[in-house]
Amino acid sequence: MKGPRPRPVHERFLKHTVQDEATGCLLWTAGKDKLGYGCFDLDDKTHRAHRIAYWLFWGDIDPTLVIDHTCRVRHCVNWMHLEQVTQKENVLRGEGVAARKAQQTHCVHGHEFTEANTIIRQRSKVGNRECRICSRRRNAVHKAKKRNKVA
């Protein structure tokens, strides 16, 4: 998907869309994959339709980036709703577990995530936050249990 975009591809692509007047989404009406993303065949290969839409109307896609649906509708191919972002940014903009955790302001025990009270664990690409107060408490309980087993 590099280089000039032939006009017939635009026309063939747009035949498989319908406009949702309420949201402005351009919805894909042809085949979709099991995750709900539209599929479009080009050059003997099946591509996700939103990536083709981005390529047709904005140009080449940076191979290190992904295409994010700013409208959050997977089968939308409105190029105005599509943006190149990093995988991390795409995940954090979403509605999954990682996004929800990143938006939390307090730990499960009600302690605020401040710079002084937050530990960042680098076990994942996004980084897991941990409350220092809870971590200290958990470590103290663990040490006490260990001491009691030895005695």
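Residues numbered from 1 in each chain as written. Predicted model: local features only at pLDDT ≥ 70, side-chain atom pairs only at ≥ 80, totals over all residues. Heavy atoms only, no water.

Caption draft 1: Quick peek at unusual backbone geometry. One non-glycine residue, Asp43, lies in the positive phi region at around 55°. Turning to its location among the elements, Asp43 is positioned in the loop between strand S3 (39-42) and strand S4 (45-48). Here Asp44, not a glycine, exhibits a phi torsion of approximately 60°, which is positive. Inspection of the secondary structure puts Asp44 in the loop between S3 and S4. (Helix = DSSP H or I, 4+ residues; strand = E, 2+ residues; numbered from the N terminus.)

Caption draft 2: Expanded view of the packing of aromatic side chains. Under the defined criterion, the tally for this structure stands at four aromatic pairs. A centroid spacing of 4.9 Å and a plane angle of 40° characterise the contact between Phe13 and Trp28, whose relative ring orientation is tilted. Here Phe13, found in helix H1 (residues 7-14), pairs with Trp28, found in strand S2 (residues 26-28); they are 15 residues apart in sequence, far enough to count as distant. Of the two residues, Phe13 and Trp28, neither departs from the other in class, the shared state being buried. Seen from their ring centres, Phe57 and Trp79 are 3.7 Å apart, and the 15° between their planes marks the pair as stacked. Pair noted here: Phe57 is in helix H2 (residues 49-58) and Trp79 is in the loop between strand S5 (66-69) and strand S6 (82-85), with a separation of 22 residues, a long-range link. Clustering of aromatic rings is evident, with ring pairs tying together Phe13, Trp28 and Phe40. (Phe/Tyr/Trp six-rings, centres within 6.5 Å; stacked < 30°, edge-to-face > 60°. Buried < 20%, exposed > 50% of the residue type's maximum accessible area, 1.4 Å probe, protein only.)

Caption draft 3: Quick peek at the pattern of salt bridges. Counted under the stated rule, the structure contains six salt bridges. Linking Arg93 and Glu83 is a salt bridge whose minimum nitrogen-to-oxygen distance equals 3.2 Å. Here Arg93 is found in helix H3 (residues 87-93), whereas its partner Glu83 is found in strand S6, with 10 residues between them in sequence. The residue Arg138 makes a salt bridge to Glu130 at a minimum N-O spacing of 2.3 Å. Residue Arg138 is classed as partly exposed on the basis of its relative accessible area, which comes to 45%. Given the relative accessible area of 13%, Glu130 is considered buried. Residues joined by salt bridges that share partners form a network here, namely Asp68, Arg72, Glu83, Glu89 and Arg93. (Salt bridge = Lys/Arg side-chain N within 4 Å of Asp/Glu carboxyl O.)

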